[in-house]
Amino acid sequence: MHRCWGLLFAAVNLAAIGLFAISPAMGWWLPKNIASYGADIDHLFYLILVATGFFFVITQGTLVYCMFRFNAKDGAKAKHIHGNTKLEIIWTAIPAIILLYIGFAQTPTWAKMKYIEIDTWFPIRYKGTNIESDLHVTVLGRQWEWRMRYPQGHIPADPQAWADLGNLHDLHVVNELHVWKDAKVKIHLKTQDVIHSFFMPNLRLKQDALPGKVMPMVFSPIEANVRYNPKTRILEELNPSSTWEIACAELCGGNHYRMRGKLFVHESKQDYELWFSDALKNQRIHESTRLAPVVASSNGVNP
Amino acid sequence: MNHDSNHSTETKSGFLTTYLFSQDHKMIGIQFLFSGLIFFGIGGLLALLIRLQLAWPDGNLPYIGKWFPQSWGGKMSPEFYTMLFTMHASIMIFFVIIPWLTGTFGNFLIPLMIGARDMAFPKLNMFSYWVMWPAFIIILASFFVDGGAASSGWTSYPTLSNVGAEAGLEKNPVKPGEPASSYTVFKDDSFNSPSSPGAGMGQIFWLVSLIFVGIGSMMGSVNYITTILNMRAPGMDLMRMPLTVWSLFITAILQALALPVLTVALMLQLLDKLIATSFFLPPGGLSFGNWHTTPGGGQPLLWQHLFWFYSHPAVYIMILPAMGVVSDIIATFSRKPMFGYKPMVFSMAAIASLGFIVWGHHMFQSGMDPRLGTGFMLATILIAVPSAIKTFNWLATLWGASILYTTAMLNALAFVSMFVIGGLSGIFMAATPVDVYFHDTYFIVAHIHYVLFMSSIFGIFAGITFWFPKMFGRLMNEPLGKVHFALTFIFGNLTFFPMHILGIGGHPRRYYDPTIYQYLENLQPLNQFMTISAMLLGLTQLLFVINIFYSLWFGEKAGKNPWNSNTLEWDAPSPPPHGNFDQIPVVQRGPYEYAIDGPLDYLTQSSTASDGVKHHE
């Protein structure tokens, strides 16, 4: 009986490793990466997976070995040892070095995601930001949808002011984020009610929308999934399995789960512009039947 | 602090003062044990309802469906679901794990293990339990108030949680031909919130209840610190204290420093709700559809800083005592001295002090400056070092040991094994770029359950089994305990381990129905598998309850020292009388003198026999 316990621990740990081993084949794994910096993140994930996997095997292996080997019922005699300073130093230093390596290895990726310039020699020192974008989009979260606003000409004259107040000729779309391949996109993320979090799994990107603030998000997709057909006025998927979704990752009320959006990466800037002009025309037709344009006000009582 | 006079008057007390309004630290510890057990059941049932919804999100639940109101269409409403996970987490954290670890172990063990007759302030100690009762009643009552219980998550982030309806403006309906809309002052005395039904009265109840919990824990921690510093038996130097006492001491300091911040934050949010202050309401105000708040002057992010400044140390409050308990149990049943006693103490102190500067790692995506994230990342990475030291020392204690597989030991070994998983998965989240992806996914849910359920709860099971004979004079049933352990270990892992995979797949947490997302579709079989495992895990816990109540009356009678353990509590009779010791013991040595050559393989802390062992530290 006493030997079974080591077996139980061994079996559970092996099952854990087994689940990780089969998951990629079962499709239970990271969604396809389409971000310019995404490969770096995935690389970092695998680096940590290897490092933690190594310590997992070492520690669980030692535990299971001890459970088999040093058993009172098999007559094992305990040794009177209170400690060993040399060992303590070794097993403090090794994890510390590995962890510090992981710590420093990630800062360039973090900087890339946030578009910060860093010091090459001491990568936790920041030198400044370098955000220059090809396309600005304002995303406004509300219970329970994302409202996207696109400027004419892609880059507004004063992005900050535009993000706050908008422009009369902006294009308004709900739950659809349109960008083009390799565009440097800057999103101005806002919310009019509670905290939401704009999560695009394929871009490995997530940012909370904070009431009263405009949060910047920067990314550049390296792959396209749609083409606009101006004749049929339909967005054609390039590949049946390339639906890229947007989710809300911060609890925002009962229908939190329903803030589903879609990310459309057009093949080229021209393709995006074809879609944009048609969508804007369409919006104007609808607007003429209304009294006032729908301008989602960013915050509060500001009629 | 002259307890002896107190002692003689209290022995004549009746039922009420013995069992209910007791000032005896042991009875207070036992009270915490049983109220924790009740809430463990409630919190567990809430978890099972969450799992049911996740496995079969389209509703139509067999049997259970008809419990829900007709207006919900025979299934759970999304609002009800948000209430479930909010209350599950709040109850498990504030009414089960913290009360069990600090309330039960802290109260019961500290005076016994340091050789004191009681706590420094027995009356304060009684109050620390009795302020929990308003908290118990209010949190349970909150299920039945208008709008239901709190539903903003246990983190209760504004502005989902703090907006009240009593102050605001409502937009008048736009009439054709009128370019601008007008507003009327909105009046509502019902405390309803426009953000969600549970953010009204339920949220107020939640806040008040937690303020009571906070006050109770404050009283407890002041008592623990004073008792440990002032009332140790002669010879009990700080560096001779068992690791359980060290862990409870460090936890009490953490609590005393961090809890006031949470209590204040709760009060600020309560003011936001009750009298429409705007500590967490942004200057521009908010609009919920046609309804607008008045302009605020605060910051929603302030809450997150205040909340996590407490709640990250709280994570250590919820694990450090379990680490201490497990250390003592492992040493006892390894029949071997604790390997690296001093590194164990220092690493706990390091975890506690680093614990105060890592709260920002919950907020990498919150809108905090990305440069600040790097600092929090480095501190978080560093906190893995003392955790690793502890793990290696436990393993080194087992190396060359003579292991006795008692139920307590098995639970303690499971703690070590599971803490490794919970600790290692934390490193993914410490890395800021990877955390961007994993934040608020099931990877986090896996991590927190490996630390809090699979580690802390195994530590608690180990501790309860180990000290049960001291509490009640009877041993818990070993075969039943082992069956309970094995099943919990298996089903626990089957329930929580696949959550890592869900997280890697990008499954967000707190989702009522994940199946509407295409990228989550093929994760659904895992969700169903976990739900079935979770139900079996829940059923297994009945064995623990049965074991406790069976052993209370029919358990094998235990002598003073059933485990041949060294620490002072085993010098006292089982159960110890009021005042604990016939004579205050005099401490001769540290707590881990096992593997001694002689008639016995151990030397208790108070034994006056010469140990005949050369000490090499």
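Refer to the structure printed above.
Parameters and conventions
Residues numbered from 1 in each chain as written. Chains lettered and ligands numbered in written order. Predicted model: local features only at pLDDT ≥ 70, side-chain atom pairs only at ≥ 80, totals over all residues. Heavy atoms only, no water. Axes fitted to C-alpha atoms, helices over the stretch in contact; angles between N-to-C directions. Helix = DSSP H or I, 4+ residues; strand = E, 2+ residues; numbered from the N terminus. Parallel < 35°, antiparallel > 145°, perpendicular 65-115°, else oblique. Left-handed = near helix turned anticlockwise from the far one by under 90°. Contact = heavy atoms within 4.5 Å. Nonpolar A, V, L, I, M, F, W, Y, C, P; charged D, E, K, R; others polar. Expected span 1.5 Å × (residues − 1). Buried < 20%, exposed > 50% of the residue type's maximum accessible area, 1.4 Å probe, protein only. Pairing = 2+ DSSP bridges.

Visitor: How should the packing of helix H1 (residues 2–26) of chain A against helix H2 (residues 38–69) of chain A be read in this particular structure?
Guide: Residue and element names in this part refer to chain A. One way to put it is that H1 packs onto H2 with a least axis distance of 8 Å and a crossing angle of 165 degrees. One element, H1, and the other, H2, form an angle in the roughly antiparallel class. With respect to the hand of their crossing, H1 and H2 are arranged in left-handed fashion. Residue-level inspection shows Arg3, Trp5, Gly6, Leu7, Phe9, Ala10, Asn13, Ala16, Ile17 and Phe20 of H1 in contact with H2, the latter providing Leu49, Phe56, Val57, Gln60, Leu63, Val64, Met67 and Phe68. For the contact of H1 with H2, the class distribution of residues is 14 nonpolar, 3 polar and 1 charged.

Visitor: Just to check I follow, could you spell out helix H11 (residues 341–354) of chain B for this structure?
Guide: Three or four residues apart is the spacing at which side chains of an α-helix point the same way, because the helix has 3.6 residues per turn. All names here are of chain B. Here H11 is 14 residues long and its end C-alpha atoms lie 20 Å apart, about the 20 Å a rise of 1.5 Å per residue gives. Taken residue by residue, H11 has Tyr341, Met344, Val345, Ser347, Met348, Ile351, Ala352 and Leu354 as its buried positions. Taken together, the buried residues of H11 touch helix H8 (243–275), helix H9 (300–317), helix H10 (320–334) and helix H12 (370–398).

Visitor: Would you explain the sheet that holds strand E3 (residues 135–142) of chain A in this entry?
Guide: Two modes of strand pairing occur in sheets, parallel and antiparallel, and in both the strands are linked by backbone hydrogen bonds. All names here are of chain A. Taken together, the 5 strands give an open sheet; going across it, the order is E5-E4-E3-E7-E10, and neighbouring strands pair in mixed fashion. Strand pairing shows two members of the sheet lacking a second neighbour, strand E5 (171–174) and strand E10 (215–219), which therefore form its edges. Across the sheet, the axes of successive neighbouring strands diverge by a mean angle of 25 degrees, strand direction being ignored. Summarising the sheet, strand E7 (residues 185–191) and E10 pair through 5 bridges and their orientation is antiparallel. Counted as the bridge partner of leucine 189 is methionine 215 from E10.

Visitor: Teacher, can you tell me more about the pairing of strand E9 (residues 205–209) of chain A here?
Guide: Moving residue by residue along a regular strand, the side chains alternate between the two faces of the sheet. Residue and element names in this part refer to chain A. Most of E9 is tucked away, with 5 of its 5 residues classed as buried. The alternating pattern of E9 places Leu205, Gln207 and Ala209 on one face and Lys206 and Asp208 on the opposite face, and all of these are buried. Bridging between strand E8 (residues 196–200) and E9 involves 5 bridges; their strand directions are antiparallel. From the neighbouring strand, serine 197 faces E9, where its bridge partner is aspartate 208. The loop that links E8 with its antiparallel partner E9 comprises 4 residues; one of these, arginine 204, has a positive phi angle of about 55 degrees.

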